[in-house]
Amino acid sequence: MELKRRWGASIGRQWAILFFFIELIFFSFLGSGFFTLNGIQITLFYSTTLALLATAETFVIVTGGIDLSVGFVMGFASVVSAKLAAAFDAMGMAAPVALALAIGITLIIGLAPGFVNGVLVAHLRVPPFLATFAVQGITYGVSLILTAGSAAVNVPALANEIGNGYLFYLSPGSGLAFLSRPRAMIGVRSVELVPTMVIATLIVVAVGAYLLKRTRFGRHTYAIGGNVDAAVRSGIDTKRHLIVIYVISSFLATMSGIIYMLEYVTGKADAGSSFMLDSIVAVVIGGASLFGGTGTIWKTILGVLILSVLEMGLKMMGVQTFDKHIAVGVILMYAVLVDQFIPEFVHKEET
């Protein structure tokens, strides 16, 4: 009996890893071109924005809150950065300067939604669901006003080179080139290796993971999510901390919007609307409790990969996109049920 319980606990804690490998095996056989260098890189490339949004959501969910504004903050950031880049380019600035200024200003502006969320939740005691839903509507509305309901265009072409570039290019005639594509030879195509946006996203995620798991700030975050009253009694400034958490969430969502602008050379008010639910699902799949106090960013990234592999695999099989939402709903239902009824199996090793 004890052996069975231990096996059950092990499966409960590792179910996401098992499901991920089952996905890989399944789509390798049935998804044409899935388990190839190009297929893997495409899957990683399209997971960058979701990874940042899910990282943002992890910080908030660990405190026992939720941020429904991240998807539309992403869209807002894509619009603002695209509009600014186009305006600076029209003023005659060099493309690198125009993009750098646009990105820097957008990162600063992108802190505002998070600050508003934090003040509403921490000081005015508005439930996170309502506070962030209100900010979601505001950012979406402002984005629509800025774009008059259409996409923001005329972004400098350099954005495409950055957003869709690769770390290495391997050419039979020119060898290995770093960052810049080698001059093409007739009949020879270079092999692209490691999308730069994947590396940039990985760096940001690693910093977030270190901040949450290895610092005093992270320990305070878990403490607030575990028991906010105990955190107050232990001397933690919970109000200030929550404001910082929501600002971090907004900052990461803003980065996601900027990456979207670089990858697609445009800005759209609804750019992140489809990612909002997926970012929460990824956190739950990763083992975080919606009640707060548990969760890690690296496990969240596993949830991101599960969703990205699922979407890409279904596409390569020719399955309709809306079928993915059914699969995501089933996975979420399972993850929530596990967290609800056998939390000791899933969270036993969490700190």
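Below, the structure is looked at part by part. Given the structure is predicted, the values throughout are model-derived calculations rather than measurements.

Next up on the list: the environment of phenylalanine 275. By the secondary structure assignment, phenylalanine 275 is in helix α13 (residues 275-285). With relative accessibility at 17%, the residue phenylalanine 275 sits in the buried group. Remark: the alpha-carbon pair of phenylalanine 275 and alanine 54, spanning 221 residues in sequence, is separated by 8.9 Å. Discounting chain neighbours no more than four positions away, the residues touching phenylalanine 275 are Thr49, Leu50, Leu53 and Met74.

Let us look at the packing of helix α3 (residues 48-62) against helix α14 (residues 297-316). Taken N-terminus to C-terminus, the directions of α3 and α14 make an angle of 140°; their axes are 9 Å apart at the nearest point. Classified by the angle their axes make, α3 and α14 are oblique. For the crossing formed where α3 meets α14, the hand is right-handed. Facing α3, whose interface residues are Leu50, Ala51, Ala54, Thr55, Thr58 and Phe59, α14 presents Ile297, Thr300, Ile301, Val304, Leu307 and Ser308.

Let us now look at the pattern of salt bridges. Should their charged atoms come close, side chains of opposite charge can pair. Following the criterion strictly, the structure yields one salt bridge and no others. Across the pair lysine 315 and glutamate 311 runs a salt bridge whose closest N-O atoms are separated by 3.6 Å. Taken together, the residues span about one helical turn, with lysine 315 and glutamate 311 both in helix α14 at a distance of four residues.

Along an α-helix, residues three or four positions apart point the same way, because every turn accommodates 3.6 residues. Taking 1.5 Å of rise per residue, the 20 residues of α14 would be expected to cover 28 Å, and the 28 Å separating its terminal C-alpha atoms lies within 8% of that figure. Counting buried positions along α14 yields 14 of 20 residues, so the element is predominantly enclosed. Measuring from the side-chain oxygen of the N-cap residue of α14 to the backbone nitrogen of lysine 299 gives 3.4 Å; that N-cap residue is threonine 296. Positive backbone phi, at 80°, marks glycine 318, one or two positions downstream of α14.

Our next topic: the packing of aromatic side chains. Two aromatic rings, taken as a pair, are described by how far apart their centres are and by the angle between their planes. One pass over the full model with this rule turns up six aromatic pairs. Taken together, a centroid distance of 4.7 Å and an interplanar angle of 55° make the contact between phenylalanine 72 and tyrosine 140 tilted. Note that phenylalanine 72 is positioned in helix α4 (residues 70-90) and tyrosine 140 in helix α7 (residues 128-147), a separation of 68 residues in sequence. When the ring of tyrosine 260 is compared with that of tyrosine 264, the centres are 4.6 Å apart and the planes differ by 40°; the resulting orientation is tilted. Of this pair, tyrosine 260 and tyrosine 264 both sit in helix α12 (residues 238-264), four residues apart, which is roughly one turn of that helix.

Next up on the list: the environment of alanine 87. Tracing the backbone through its elements, the reader meets alanine 87 in helix α4. Through-space distance from the C-alpha of alanine 87 to that of asparagine 154 is 8.7 Å; in sequence the pair is 67 residues apart.

Below, the discussion takes up the packing of helix α2 (residues 37-45) against α14. Interaxial distance between α2 and α14 falls to 9 Å at its minimum, and their mutual angle equals 125°. By the angle class used here, α2 and α14 are oblique. The handedness of the crossing between α2 and α14 comes out as right-handed. Only Leu305, Ser308, Val309, Met312 and Met316 of α14 make contact with α2, whose side of the interface consists of Gly39, Ile42, Thr43 and Leu44. Looking at the contact of α2 with α14, its residues break down into six nonpolar, three polar and no charged.

Calculation notes
Residues numbered from 1 in each chain as written. Predicted model: local features only at pLDDT ≥ 70, side-chain atom pairs only at ≥ 80, totals over all residues. Heavy atoms only, no water. Helix = DSSP H or I, 4+ residues; strand = E, 2+ residues; numbered from the N terminus. Buried < 20%, exposed > 50% of the residue type's maximum accessible area, 1.4 Å probe, protein only. Contact = heavy atoms within 4.5 Å. Axes fitted to C-alpha atoms, helices over the stretch in contact; angles between N-to-C directions. Parallel < 35°, antiparallel > 145°, perpendicular 65-115°, else oblique. Left-handed = near helix turned anticlockwise from the far one by under 90°. Salt bridge = Lys/Arg side-chain N within 4 Å of Asp/Glu carboxyl O. Expected span 1.5 Å × (residues − 1). Polar contact = N/O pair within 3.5 Å; in protein donor to acceptor, adjacent residues only side chain to side chain. Phe/Tyr/Trp six-rings, centres within 6.5 Å; stacked < 30°, edge-to-face > 60°. Nonpolar A, V, L, I, M, F, W, Y, C, P; charged D, E, K, R; others polar.

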